[in-house]
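Structural overview for review
Below are the chains, spelled out letter by letter.
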Number of protein chains: 2
Amino acid sequence: MKFKYTGIRVTDLKRSIEFYTKTMGLKQVQRGKMHAGGVYVQLKDKESQQELELNYYPLGTKFYEEYVEGSELDHLAFLCEDVRKSYKKLLAGGAISVIEPWDEGGWTLAFVRDPDGVWIELIGKKIKPASKRKNKKYPQLTVSDSSLKESFNVRDK
Amino acid sequence: MKFKYTGIRVTDLKRSIEFYTKTMGLKQVQRGKMHAGGVYVQLKDKESQQELELNYYPLGTKFYEEYVEGSELDHLAFLCEDVRKSYKKLLAGGAISVIEPWDEGGWTLAFVRDPDGVWIELIGKKIKPASKRKNKKYPQLTVSDSSLKESFNVRDK
């Protein structure tokens, strides 16, 4: 027995397929009809191999229900190279902001919601500002008093 | 950006770890505390590489809420060699039956619930009864009238 995928219920199949493929970068690998009348669309992340299924139950089919936001699906997590960049891209692609990017330890995190309200976590290694990276790489290039001071400030942080 | 895992909220962490490792066969790969006070336990299926995170928020922490059963997490799917066998094993291991195993096309399916009520789908190729497998493999061995009749019946199904 092996864990194959997580299936989430969606209320607008076309909207969710667009969101999870175009905005979140998953690939559609299969689609079919359940005998009970629902529709499933299997998505896969080609890099991580993680799978997500979208489940849609039209009004009048056996498993249709009024959509209730519950506790059981805490979040879907996406690992990002640059959380702040991904966050902006996702908002432009239809995600709703929940918590703006923040740093915690050596990580940057943010939360958005998918079109049905599902929380999506963005997490990635904290990116140091370019100036700090430069100082670290070439510490001997800062020779003036002011730049030396700046260099110390950076080290103090 | 890549899809890393699904996180589900659990109300009794120890119970859920036991259920998903001992009964469902996942391995615990990491565990930690969130700055906001919650606890996360990362699980992985060593065969399929699919990941599941358990999220536990103690009473009084930022993200604690009364557990509400909602629509968004439709189900977690597990691929089985023998659905009927896995179904029995899961019930013995604390799963609650929702839909008993049934055949649909060339597949066998069943649904159970995890300790918090999350639907778990068991799906696997339909296993043909031993007698039918034998008839298919050695059709010339059935020479008597009755066994010939039986052989036709099998083909009719």
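Note on numbering: residues in each chain are counted from 1, in written sequence order. Each chain gets a letter, beginning with A, and each ligand a number, beginning with 1, in the order they are written. Since the coordinates come from a predicted model, pLDDT governs what is reported: local features require at least 70, and pairs of side-chain atoms require 80 or more to be given and counted, while whole-chain, interface and lining totals use all residues.

This brings us to the sheet that holds strand S8 (residues 119–125) of chain B. The pairing criterion for strands is at least two bridges between them, as found by DSSP. Only DSSP runs of H or I reaching four residues or more are called helices, and only runs of E reaching two or more are called strands; each is numbered from the N terminus. Spatially, S2(A)-S3(A)-S4(A)-S1(A)-S5(B)-S8(B)-S7(B)-S6(B) is the arrangement adopted by the 8 strands of the open sheet, whose pairing is mixed. Two strands bound the open sheet, and with one partner strand each, they are strand S2 (27–33) of chain A together with strand S6 (96–104) of chain B. When strand polarity is set aside, the average angle formed by the axes of neighbouring strands in this sheet is 20 degrees. Pairing analysis gives 6 bridges linking strand S3 (residues 39–44) of chain A to strand S4 (residues 51–56) of chain A, with the strands arranged antiparallel. The residue of S4(A) that forms the bridge with A:Leu43 is A:Leu52. What counts as a contact is two residues whose backbone-derived C-beta atoms lie within 7 Å of each other. Angles here are taken between N-to-C directions and fall from 0 to 180 degrees, while the axes themselves are lines fitted to C-alpha atoms, restricted in helices to the stretch in contact. Of the strands in this sheet, S2, S3 and S4 of chain A are in contact with helix H1 (residues 13–23) of chain A, which crosses S4(A) at around 165 degrees. Set on the sheet, helix H2 (residues 83–92) of chain B makes contact with S6, strand S7 (107–113) and S8 of chain B; between it and S7(B) the angle comes to about 10 degrees.

Moving on, we get to the relation of the copies chain B and chain A. The fit set for superposing copies consists of C-alpha atoms from residues with pLDDT of at least 70 in both; the fit itself is least squares. Its rotation angle being 180 degrees, the transformation that places chain B on chain A also includes 0.0 Å of axial translation and leaves an RMSD of 0.1 Å. Here the symmetry operator amounts to a two-fold rotation axis. Residue B:Gly70 of chain B places its C-alpha closer to the rotation axis than any other residue of that unit, at 1.8 Å. Counting the interface residues of chain B, we find that 100% of their copies in chain A are interface residues as well, pointing to one common contact surface.

Moving on, we get to the sheet that holds strand S7 (residues 107–113) of chain A. Strands in a sheet are paired, the pairing made by backbone hydrogen bonds, and the direction either parallel or antiparallel. Read across the sheet, 8 strands follow the order S6(A)-S7(A)-S8(A)-S5(A)-S1(B)-S4(B)-S3(B)-S2(B) without closing on themselves; strand pairing throughout is mixed. A single partner strand is all that each edge strand has here, and the edge strands are strand S6 (96–104) of chain A together with strand S2 (27–33) of chain B. Along the sheet, successive strands turn relative to each other by an average axial angle of 20 degrees, direction set aside. This element, helix H2 (residues 83–92) of chain A, spans S6, S7 and strand S8 (119–125) of chain A of the sheet and lies at about 10 degrees to S7(A). Strands S2, strand S3 (39–44) and strand S4 (51–56) of chain B of the sheet are contacted by helix H1 (residues 13–23) of chain B, whose axis makes an angle of about 165 degrees with S4(B).

Residue and element names in this part refer to chain A. Summarising burial for S4: 5 of the 6 residues are buried, a large majority. With 4 bridges connecting them, strand S1 (residues 2–9) and S4 associate as parallel partners. If you follow Arg9 over to S4, its bridge partner there is Asn55. In this scheme the burial state of a residue depends on its C-beta neighbours within 10 Å: 20 or more other such atoms mean buried, 12 or fewer mean exposed, and anything in between means partly exposed; the C-beta positions come from the backbone.

Relative to the helices and strands, B:Ala130 is located in helix H3 (residues 130–137). Separated by 77 residues in the primary sequence, B:Ala130 and B:Glu53 place their C-alpha atoms 39 Å from one another.

Taken together, the 39 residues of chain B in the interface contact 39 residues of chain A. Looking at chain direction, strand S5 (residues 73–79) of chain A and strand S1 (residues 2–9) of chain B are connected through 6 bridges and run antiparallel. When the sheet's bridge partners are listed, A:Phe78 is paired in S1(B) with B:Phe3.

Residues and elements named next belong to chain B. In this structure, S6 lies alongside S7, joined through 6 bridges in antiparallel fashion. Across the sheet, residue Ile96 finds its bridge partner in S7, namely Arg113. The loop that links S6 with its antiparallel partner S7 comprises 2 residues; one of these, Gly105, has a positive phi angle of about 60 degrees.

Okay, the environment of B:Ile17 next. Residue and element names in this part refer to chain B. Mapped onto the secondary structure, Ile17 falls in helix H1. On the basis of neighbour count, Ile17 is assigned to the partly exposed category, with 18 C-beta atoms found within 10 Å. For Ile17 and Asp45, which are 28 residues apart along the polypeptide, the C-alpha to C-alpha distance reads 13 Å.

Since the α-helix packs 3.6 residues into each turn, any two residues three or four apart lie on the same face. Residues and elements named next belong to chain A. Here H2 has its buried residues at Val83, Ser86, Tyr87 and Leu90. All buried residues of H2 project into a common sector of 105 degrees when viewed along the axis, lining one side. In this structure, the buried residues of H2 make contact with H1, S6, S7 and S8. Summarising the geometry, the arc corresponds to the directions from the helix axis toward the C-beta atoms.

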